[in-house]
Amino acid sequence: MIERFYDKLLQEHIANYNQMLFLSGPRQVGKTTLSKLIVKGLNHYLYLNWDLIEDREVILSGPSFVAKKIFSDVAFGKKPVIIFDEIHKYSNWKGYIKGFYDTYRDKFSVIVTGSAKLDVYQQGGDSLMGRYFYYRVHPLSVSELCNLEDSLTLNGCLKRPKRIEPESWKALLEFGGFPDPFINKDPAFYNRWQLLRHRQLFKEDLRDISRVYEVSQMEVLAKILDSQIGQITNYSKLASKVRVSDKTIRNWIEVLRSLYFCFMIKPWTKNITRSLLKEPKIFLWDWSAIDDQGMRVENFVASHLLKAVHYWTDAGLGKFALHFVRDLEKREVDFLLTRDDKPWMLIEVKSSYRESLSKNLLYFNEVLQPEHCFQLAYNLEYQDIDVFTLKTPHIVSMQTFLSQLV
């Protein structure tokens, strides 16, 4: 089992906060393992999984019945922890959790996990605002594999550089960051795991959270998205290929987003004359499913950046977001990270090393004046240098840069 850097953050939540802990992320990314690690060593905790019939019966017996199954740890002065796993599949889950929390908040700590975004279930129940803190779990990253022991020090949210083992670097891009296929590093296991994940997503999860019945057409949409990574999303063309309406395509992509199949990056429009105001770009949570090497590398970086901005935001280090930059003259830079709504880090991705910096990168660096500006080279060997000390635009090793994130 690989230790995750989420462990400390979530344990600190249980120790210091009264709010519920909402843990969300893709299937098989490690949410259940993390939630059980949080309560490891506690004598009093209860784990209930909505997918298990016997646990479902306990949940449906009502909050008071659940509460009776566990009692306060008076001797050690610690609250017992109750874990509701996959309870979002229950149609009235928000009302149920709200009622439980309002009644027993002083007696129990509550963890809620979900393999779909927990904010997409709007039907029924009162608002949970102020009753929980939200944490998003991502696949494994370069920093998590080589830099786990270092705390966030630089700029409050960055790490010192550290070399990743060549085998791990290669396996991370080839097998992806989901723990099981990465640990096994076996093509046969990986292929079987991918088939199972696809079946769970399109045959089970899709049925549980949506009213989409055209599953075969939605699978076609997913396949098309695989081949258009990093491109501006054209809903009309997608609708034409899948033979549904533009509105249906938009709805289906939202469903795929809610199930952690893909994520969107929107264009940054502030401070840019004639900026692109239209559509976003789409990337996959599992970059290993992308055949094209250049697209996979770009998605690989996008996933690391999204993980970083989610973690920093969830940890309370500021308001971070991920964008791309493009204007009507078709000048474009792959990624822009913002911090508290201001340009912070401008990033261009290259699969191979080039001696010169991108003209578009230099142009937008002058326009936006971010604190950091990098051109990442995938095939450039690790450099033992803190890239965030560089004050001007630089070409840097992708390995080095990613090792300094989270």
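Everything in this summary refers to the structure shown in the same document.

Cut-offs and rules
Residues numbered from 1 in each chain as written. Predicted model: local features only at pLDDT ≥ 70, side-chain atom pairs only at ≥ 80, totals over all residues. Heavy atoms only, no water. Pairing = 2+ DSSP bridges. Helix = DSSP H or I, 4+ residues; strand = E, 2+ residues; numbered from the N terminus. Axes fitted to C-alpha atoms, helices over the stretch in contact; angles between N-to-C directions. Contact = heavy atoms within 4.5 Å. Buried < 20%, exposed > 50% of the residue type's maximum accessible area, 1.4 Å probe, protein only. Parallel < 35°, antiparallel > 145°, perpendicular 65-115°, else oblique. Left-handed = near helix turned anticlockwise from the far one by under 90°. Nonpolar A, V, L, I, M, F, W, Y, C, P; charged D, E, K, R; others polar. Salt bridge = Lys/Arg side-chain N within 4 Å of Asp/Glu carboxyl O.

Moving on, we come to the sheet that holds strand β2 (residues 45-49). In space, the five strands of this open sheet follow the order β2-β3-β4-β1-β5, with parallel pairing throughout. Each edge of the open sheet is held by one strand with a lone partner, namely β2 and β5 (132-136). Taking each pair of neighbouring strands and ignoring which way they run, the sheet shows an average axis angle of 15°. Sheet analysis places β2 next to strand β3 (residues 81-85), joined by five bridges and oriented parallel. Following the sheet pairing, Asn-49 is matched in β3 by Asp-85. Against the sheet, helix α5 (residues 93-104) contacts β1 (20-24), β3 and β4 (109-114), and its axis sits at roughly 180° relative to β3.

With that settled, consider the pairing of strand β8 (residues 320-326). Across the seven residues of β8, six count as buried, placing the element largely inside the fold. In this sheet, β8 lies alongside strand β6 (residues 262-267) in parallel orientation, the contact comprising two bridges. Bridging from a neighbouring strand, Lys-266 pairs with His-323 of β8. Inspection of the sheet shows β8 paired to strand β9 (residues 332-339) by six bridges, in the antiparallel sense. Looking at β9, one finds that Leu-322 is bridged to Leu-337. Here β8 folds back onto β9, and the loop between the two strands holds five residues, one of which, Lys-330, carries a positive phi near 70°.

For the rest of this paragraph, the subject is the packing of helix α9 (residues 187-209) against helix α10 (residues 215-226). Put simply, α9 and α10 touch, their axes get as near as 11 Å, and they point 135° apart. By the angle between their directions, the pair α9 and α10 is classed as oblique. When you trace α9 past α10, the crossing you get is right-handed. Each of His-198, Phe-202, Lys-203 and Leu-206 in α9 lies in contact with α10, whose residues at this interface are Val-215, Met-218, Glu-219 and Ala-222. Here the contact of α9 with α10 is composed, by residue class, of five nonpolar, one polar and two charged.

Moving on to the pattern of salt bridges. The full count for this structure, using the stated rule, is 18 salt bridges. For Asp-51, the salt bridge goes to Lys-89, with nearest N and O atoms at 3.1 Å. Of this pair, Asp-51 sits in the loop between β2 and α3 (53-60) while Lys-89 sits in the loop between β3 and α5, and the two are 38 residues apart along the sequence. Of the residues examined, Asp-51 reaches a relative accessible area of 35% and is grouped as partly exposed. The exposure class assigned to Lys-89 is buried, which follows from its relative accessible area of 16%. A salt bridge links Asp-246 to Arg-250, with the shortest nitrogen-to-oxygen separation between them at 2.8 Å. Of this pair, Asp-246 and Arg-250 are both found in helix α12 (residues 246-258), four residues apart, which corresponds to roughly one turn of the helix. For Asp-246, a relative accessible area of 28% gives the class partly exposed.

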